[in-house]
Amino acid sequence: MEPNPVKSNCVEDCLIICNGPSAVDYLDKTAPLTIGCNKIIKRRPVDILVCVDRLSVKWAVDNKMTAPRMITKKRPLTLPPGWEHRDFLGVDSGTAAIEVGLDLAKTVYVVGA
């Protein structure tokens with residue numbers, strides 16, 4: 001896959017780890033930017049945690065799971081302390097994480113989808 005040449009100020013590569021069964025094969029992989037969905041943070045640290053639904057955000061907050069950036073959808077959630085909000089085109093954490101990755105990296109790899 002060719003990198004997006006328009007994104008000159010972005011990182012080269014981004015690894016997005018979703019919640020599917022194949023994610024376990026990639027837990028030890030590294031990239032300049034790593035984005036994780038929901039409970040993947042329980043298995044490995046990530047640079048950005050994306051949780052879209054209320055239960056996933058509540059689980060992360062209740063279990064004191066943190067990342068340098070944590071992003072959730074804007075509505076109808078009440079924004080927990082330390083979380084950023086954003087309106088996403090998709091309805092699940094995987095597509096939301098892909099949206100974030102496409103904004104921040106030239107090349108995006110998605111595993112566990």
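See the structure shown above.
Residues numbered from 1 in each chain as written. Predicted model: local features only at pLDDT ≥ 70, side-chain atom pairs only at ≥ 80, totals over all residues. Heavy atoms only, no water.

For the rest of this paragraph, the subject is the environment of Pro45. As for its placement among the helices and strands, Pro45 is situated in the loop between β2 (33-37) and β3 (48-50). Note on Pro45: relative accessible area 66%, which makes it exposed. C-alpha separation for the pair Pro45 and Met65, spaced 20 residues apart in sequence, amounts to 9.4 Å. (Helix = DSSP H or I, 4+ residues; strand = E, 2+ residues; numbered from the N terminus. Buried < 20%, exposed > 50% of the residue type's maximum accessible area, 1.4 Å probe, protein only.)

In the structure shown here, the tally under the stated rule is zero disulfides. No disulfide involves Cys14; its sulfur sits 10 Å from the nearest other cysteine sulfur, which is in Cys10. Residue Cys51 stays outside any disulfide, its sulfur separated by 8.1 Å from that of Cys37, the closest cysteine. Judged by its relative accessible area of 0%, Cys51 is buried. (Disulfide = S-S within 2.5 Å.)

Tallying each qualifying case throughout the model produces four salt bridges. With its nearest N and O atoms 2.5 Å apart, the salt bridge here joins Asp62 to Lys58. With Asp62 and Lys58 both in helix α1 (residues 54-62) and four residues apart, this pair spans about one turn of that helix. Residue Lys58 is classed as partly exposed on the basis of its relative accessible area of 48%. A salt bridge links Glu84 to Arg69, with the shortest nitrogen-to-oxygen separation between them at 2.7 Å. With Glu84 in strand β5 (residues 84-86) and Arg69 in strand β4 (residues 69-73), the pair connects residues that are 15 residues apart, well separated along the chain. For Glu84, a relative accessible area of 31% translates into the label partly exposed. (Salt bridge = Lys/Arg side-chain N within 4 Å of Asp/Glu carboxyl O.)

Attention now goes to the side chain of Thr72. Note on placement: Thr72 falls in strand β4. Accessibility expressed as a relative area gives 0% for Thr72, which makes it buried.

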